[in-house]
Amino acid sequence: ITTPPFWRLALADNCKHFVGFCVWEGNKIPNYWLEYLLDERVNLIFVPSYHTKQAILNTLKGEWINKEVFKTDDENTINIMSKIVVIPHGVDIDIFKPVEVKRDNKFTFICNKGWRGNDWDRGGVQYLLKAFSEEFKKEENVQLILKLNSSYINPNQVNQAISNLNLNKDKAEIKIIINDIPYNKLNELYCLGDVFVCCTRAEAFDLGSAEAMACSLPIIASGYGGQIEHMNSENSLLFDYEMKEVKEDIQYEGISWCIPKIDNIRKKMRWCFENQDKVKEMGKNAKEFISANFTWDYDSADFDLDA
């Protein structure tokens, strides 16, 4: 379970069978990964979404006929794509479910994400902060609760990072949570909110939004990335974006992520604030959809590695 160049460490043990788990967020994978995917010792490649599978195909320059069939006579493309199995992440619905929590009498947007404190980070927290602060004023009965992962940013640097964004002074309340929360208590965090917002630039799956949906929260999310595979028009609102090549990280050379459109994020958030009954209905739909389609409670596939 790591990026393909590190698969060699396990393959060196001469294992009888090898399955590589490949997660990727961009529109393509790095070209140099192909030699590791082509390794004849790699029997299967698990990916968490068709988004990641598409990224691999984009690098191979293949062409889809449908989700499972592609048009090509390239031997390398056929070799790699025949190994790929899409296995989405699952949500533990015994943990992630609606529970009673003590909460403010405010309409609440909530986000649980990593953020490095800059204005280009892939998780997109910077776009959420800008959109919320531009759309909602302090006199409105609304707030944003932002749970940040301390693995990505030093808690002592959070206030300065937010200050660097030059947010509106008269913005509605923003609450920051930086302390660690036990996994089996995350549902209590989600249940503090009415809508979960994920302004990510790219995701291979985005488990956080699926967990929030299981807790009856509808989602506002970017329309690009693996997260849209567990969302639909009945449980989510997808905002507009444009694609841009990643210049800040060398491993993404030649690869693109999306740039969320802040004006469109604002419109989606405003709609939720003004249509709270519809938001509750979307939340119910979200819970039903995740419970029916994205748990680990399904008949396991029977893979014949010797075939």
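1. Comments concerning the packing of helix H5 (residues 125-135) against helix H9 (residues 262-274)
Moving on, step 1. For the pair H5 and H9, the least separation of the axes is 9 Å and the interaxial angle reads 60°. The orientation of H5 with respect to H9, classified from their angle, is oblique. H9 is crossed by H5, and the crossing has right-handed handedness. Across the interface between the two elements, Tyr 127, Leu 128, Lys 130, Ala 131, Phe 132, Glu 134 and Glu 135 of H5 pack against Ile 262, Ile 265, Arg 266, Met 269 and Arg 270 of H9.
Moving on, step 2. Within the contact of H5 with H9, the residues separate by chemical class into 7 nonpolar, no polar and 5 charged.

2. Observations regarding the nonpolar core
Moving on, step 1. Core analysis: the largest hydrophobic core is formed by 35 residues, its most contacted members being Phe 109, Trp 115, Leu 129, Ile 220 and Met 269.
Moving on, step 2. Elements that contribute at least two residues to this core include exactly strand E6 (107-113), H5, strand E7 (142-148), helix H6 (158-163), strand E9 (195-198), strand E11 (236-239), H9 and helix H10 (276-293).
Moving on, step 3. With 6 residues, H5 is the largest single contributor of residues to this core.
Moving on, step 4. Those residues in contact with Phe 109, other than ones at most four positions away along the chain, are Phe 132, Phe 136, Val 142, Gln 143, Leu 144, Ile 145, Val 195, Val 197, Ile 220, Met 269 and Cys 272.
Moving on, step 5. In terms of nonpolar packing, the next biggest core, distinct from the first, is built from 27 residues, Leu 11, Ile 45, Tyr 224 and Ile 255 among them.

3. Points about the sheet that holds strand E1 (residues 19-21)
Moving on, step 1. Read from one edge to the other, the open sheet built from 3 strands follows the order E1-E2-E5, with strand pairing classed as parallel. In the strand order of this sheet, the two ends are held by E1 and strand E5 (84-86), each with one partner. Between one strand axis and the next, the sheet turns through 25° on average, direction left out of account.
Moving on, step 2. Here 3 bridges tie strand E2 (residues 44-47) to E5, and the two strands are oriented parallel to one another. Bridging from a neighbouring strand, Phe 46 pairs with Val 85 of E5.

4. What to know about the sheet that holds E11
Moving on, step 1. Pairing within the open sheet is parallel, and its 6 strands lie in the order E8-E7-E6-E9-E10-E11. Every interior strand has two partners, whereas the edge strands, strand E8 (173-177) and E11, have only one. Averaged over all pairs of adjacent strands, the angle between their axes in this sheet comes to 20°, without regard to strand direction.
Moving on, step 2. Relative to E9, E6 is paired through 2 bridges, and the arrangement is parallel. Each residue of the ladder has a partner; that of Ile 110, found in E9, is Phe 196.
Moving on, step 3. Contacts from H9 reach E6, E7, E9, strand E10 (219-222) and E11 within the one sheet, and its direction differs from that of E11 by about 155°.

5. Examining the packing of aromatic side chains
Moving on, step 1. For the structure on display, the rule yields 16 aromatic pairs.
Moving on, step 2. On the basis of an interplanar angle of 35° and a centroid distance of 5.7 Å, the ring pair of Phe 109 and Phe 136 is categorised as tilted. With Phe 109 in strand E6 and Phe 136 in the loop between H5 and E7, this residue pair connects regions lying 27 residues apart in the sequence.
Moving on, step 3. The buried category is assigned to Phe 109, whose relative accessible area is 0%.
Moving on, step 4. With a relative accessible area of 0%, Phe 136 lands in the buried category.
Moving on, step 5. Each residue in the set Phe 107, Phe 109, Phe 132, Phe 136 and Phe 273 is aromatic and connected to the rest through ring pairs, giving one cluster.

6. Re H5
Moving on, step 1. Within H5, 9 of the 11 residues are buried, which leaves the element mostly enclosed by the surrounding structure.
Moving on, step 2. When we look at burial in H5, the residues that qualify are Val 125, Gln 126, Tyr 127, Leu 128, Leu 129, Ala 131, Phe 132, Ser 133 and Glu 135.

What counts and what doesn't
All residue numbers here refer to positions counted from 1 along the written sequence of the relevant chain. In view of the model being predicted, local features appear only for residues whose pLDDT reaches at least 70, and side-chain atom pairs are presented and counted only at 80 or more, with totals across whole chains, interfaces and linings using the full set of residues. Note that water and hydrogens are dropped before the side-chain values are worked out from all heavy atoms of the structure. An axis is simply a line fitted to the C-alpha atoms; with a helix, the fit covers only the stretch in contact. Between two such axes, the angle follows the N-to-C directions and lies from 0 to 180 degrees. Secondary structure counts use DSSP, requiring at least four H or I residues in a row for a helix and at least two E residues in a row for a strand, with both numbered from the N terminus. For this classification, under 35 degrees means roughly parallel, over 145 means roughly antiparallel, 65 to 115 means roughly perpendicular, and everything else is oblique. Should the near helix be turned anticlockwise from the far one by less than a right angle, the crossing is left-handed, and should it be turned clockwise, the crossing is right-handed. By the convention used here, residues are in contact when the closest approach between their heavy atoms is within 4.5 Å. For this classification, Asp, Glu, Lys and Arg are treated as charged, while Ala, Val, Leu, Ile, Met, Phe, Trp, Tyr, Cys and Pro are nonpolar and the rest, including Gly, are polar. What is meant by a nonpolar core is a set of buried Ala, Val, Leu, Ile, Met, Phe, Trp, Tyr and Cys residues, joined one to another through side-chain atoms within 4.5 Å. Three labels apply to residues, based on accessible area from a 1.4 Å probe with only protein chains included: buried if under 20% of the type maximum, exposed if over 50%, partly exposed otherwise in between. Two strands qualify as a pair provided that DSSP identifies no fewer than 2 bridges between them. In this analysis, rings of Phe, Tyr and Trp, with Trp reduced to its six-membered ring, are considered paired at centre separations within 6.5 Å, and the interplanar angle assigns stacked below 30 degrees, edge-to-face beyond 60, and tilted for intermediate values.

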